[in-house]
Every structure is written in C-alpha cells, then in structure tokens.
Amino acid sequence: MKKIPSILQGLRIPVIGSPLFIISSPKLVIEQCKAGIIGSMPALNARPASQLDEWLAEITEELKAYNARNPDRPAAPFAINQNVHKTNKRLEQDMEVCIKHKVPIIITSLGAREDVNKAIHSYGGIVLHDVINNYFAHKAIEKGADGLIAVASGAGGHAGVKSPFALIQEIRQWFDGPLALAGSIASGKAILAAQVMGADLAYIGTPFIATKEANASDAYKQAIVDGTSDDIIYSNLFTGVHGNYLAPSIIAAGLDPDRLPVSDPSQMNFARETKPWKDIWGAGQGIGTIKEVITASAFIDKLYQEYIQARQSILKQIHFDTSNSNEAVK
C-alpha cells in the first residue's frame, strides 16, 4: 500500500503546478491553490530576499480567508521551491522564512540536504525532491526527503533525459512513497497516463506560463501558444545544467540553436549579456497542446474536465474488454 501524506490527498485533480523561475508569483500560486491543485513558486523569485516574508504572508492569509468562505471546497496547499545548490547564498535566510510561515510543502532541487529536510520536518512540513534518475532518487530518500519528483525527458527548464516509463518503473521497484512525474504533461489525459504508470501526481509547469497570472512577457506567452515540440532545444549553455528552451528566444539572443557550445556544469551561470529565464525562455515539449492564453483557473478547469473524461473513457474500455473476454470464454 502506498504511503501518501494526507496533505497530498483530497486534491481536485492530482497535480502540482511546478515552480517557474521568475514566472511564478503569489497571484499565480493563490489561483492554482483555489482551483484545487498544489501551487508553488521558487523562493528565489522574491527579490529582494526580504520580499519572501511578505509573499508567504500574502499567500497564507489569502488562502486562509478563502477557506473560511468556502469550507466545503477548501484550497489546496502550496509549496515553495528551494534551490539547495552551494551557489545559492540565500538558502539559509530563505529557509528561516519558510520555517517561520510553516510552509506545508518544500520542493528541493539541485542537491539533497539532510539538514534542510530535518528543518522542514521540525514543524510538520514535507519535502519533495527533484530527481532525474534512479541514483539521485535513492540519495534523496536516504537523506530524508518524503517524496520524489521524477523529472523525465521533455520537461521544461532543467530536465532529465530518461523516458518517463523507465524512470517511474525503476523508482517504483523500491519506493512506495509520494511520486510526481514531470515531462510534457499538459492535458487531463496525460495526468491520467502518469497515474497509470505509477505516479501519484502530475507536475505541470509550461502551460502555466501561458496564463494571465504568470509573470511572463506577452511575447513569451505567445511563443508558448505558437510553439510545438520541434521548437524545444536541450542545452546546458545557459546555466551549466541541461534544460529545455524555446528556439525563437535563442535566435533572438543572436545564437544558433543548432550550434550551441557546451557550458562548464560547475559554473551554473550565464556569462553572456543575455540572462537565462529572462531572455532565454524555458519550455517543455508539451507545448503543442497549448492554444491560447487564459487564466490559471480556466486552464485547471480544462484539465479537470479532460481528466474526468479520460477516466470515464478508460473505464468504459475496460468494461467493454472484460465483457468481450467473458463472452469469448462462454
């Protein structure tokens, strides 16, 4: 039997809105949570660092007020992403703020930290850790993470190269705790497919760039709407870590997306005049299903309808197949 913390249960649909660097804001997180999915944002989006305290107070108070008005349909919990890599000089300060506000879910990435996990557990929070392969999955759980986010091929931003089928099945051979899947998930059918493979939750980011609440330029949002998987380029040039980016933004920066040099992964920075995530736009391979810029709640409503329809369709198919099998036996 799977071990799923109660905080991850009871969602309208099994989805985490992934933290989008620069793009996720308190407004987007709040709308995601109100619509019934886990909303999240990177702590580093708050600039200056002191703004994180204000933002967490805003999110907490708004969701508390919403729940008081809607006791029968409370908001989903929210999460904060912490980059625990050694280059993040704000980690200790940001962690103190998260502990102060008792952030219910912390998503850690770019390393697994036992001290960070213990600090979150001290007030009853849970930790989900980004992994791109089975090796890092083992390391994360060994260091005290409660759950995993399997970042498979095709995910936006810093993505892995593993097929979701390979990654999920390897992790599920030994881990029965919370498991989310990231990688080209942009529809209700894809959410159900992730569950069928063994994931508990879908981790969805790129479609939320093309929402009205997203802190992205109109040009960026339109590029998501206009783009397809053919426009996604996988490179480590921009941050030192491999990720998926939109070719039009790379071309606009004066670079040839087909001839990008390789970066030193130990640097984790961008030496050119253009800045990653601001001038070079991240996106996942699932953008082909995104056809318009809408509100976050409208997109989540769409996911919900697609998800319910997909479940009903599968149940009908199973019933049909079972009936035919029984007739054949007779």
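For the structure itself, consult the block above.
Parameters at a glance
- Residues numbered from 1 in each chain as written.
- Predicted model: local features only at pLDDT ≥ 70, side-chain atom pairs only at ≥ 80, totals over all residues.
- Heavy atoms only, no water.
- Salt bridge = Lys/Arg side-chain N within 4 Å of Asp/Glu carboxyl O.
- Helix = DSSP H or I, 4+ residues; strand = E, 2+ residues; numbered from the N terminus.
- Buried < 20%, exposed > 50% of the residue type's maximum accessible area, 1.4 Å probe, protein only.
- Pairing = 2+ DSSP bridges.
- Axes fitted to C-alpha atoms, helices over the stretch in contact; angles between N-to-C directions.
- Parallel < 35°, antiparallel > 145°, perpendicular 65-115°, else oblique.
- Left-handed = near helix turned anticlockwise from the far one by under 90°.
- Contact = heavy atoms within 4.5 Å.
- Nonpolar A, V, L, I, M, F, W, Y, C, P; charged D, E, K, R; others polar.

### Remarks on the pattern of salt bridges
Point 1. The tally for this structure, following the rule as stated, stands at nine salt bridges.
Point 2. Between E114 and K118 there is a salt bridge whose closest N-O contact spans 3.6 Å. A residue pair is termed a helical-turn pair when its members lie 3 or 4 positions apart in one helix, as E114 and K118 do in helix α4 (residues 114-121) at four residues.
Point 3. Residue class for E114 comes out partly exposed when judged on its relative accessible area of 42%.
Point 4. The partner of K302 in a salt bridge is E306, and the shortest N-O contact between them spans 2.8 Å. On the criterion of helical spacing, the pair formed by K302 and E306 is a turn pair, its members being four residues apart in helix α11 (residues 296-329).
Point 5. Since its relative accessible area comes to 22%, E306 is described here as partly exposed.

### Some thoughts on the sheet that holds strand β8 (residues 201-204)
Within a sheet, neighbouring strands are paired by backbone hydrogen bonds and run either parallel or antiparallel to one another.
Point 1. The parallel open sheet is built from eight strands, whose spatial order is β1-β8-β7-β6-β5-β4-β3-β2. Unpaired on one side and paired on the other, β1 (15-17) and β2 (39-42) mark the two borders of the sheet. Adjacent strand axes in the sheet meet at a mean angle of 25°, parallel and antiparallel pairs treated alike.
Point 2. Where strand β3 (residues 78-83) lies against strand β4 (residues 105-109), five bridges are found, and the strand directions are parallel.

### As for the packing of helix α1 (residues 26-34) against helix α2 (residues 51-69)
Point 1. Between α1 and α2, the shortest axis-to-axis distance is 10 Å and the interhelical angle comes to 25°. As judged from the angle between their axes, α1 and α2 are roughly parallel. Between α1 and α2 lies a crossing whose hand is right-handed. Listed contacts from α2 to P26, V29, I30, C33 and K34 of α1 are W55, E58, I59, E62, L63, Y66 and R69.
Point 2. Class assignment for the residues of the contact of α1 with α2 results in eight nonpolar, no polar and four charged.

### Here we look at the environment of K3
Point 1. Checked against the element boundaries, K3 lands in the segment before β1.
Point 2. Judged by relative accessible area, K3 falls into the exposed class, the value being 59%.

### As for the environment of R311
Point 1. Secondary-structure assignment places R311 in helix α11.
Point 2. Taking the relative accessible area as the measure of exposure, R311 reaches 41% and is therefore partly exposed.
Point 3. When the C-alpha positions of R311 and L192 are compared, they lie 7.2 Å apart, and in sequence the two are 119 residues distant.

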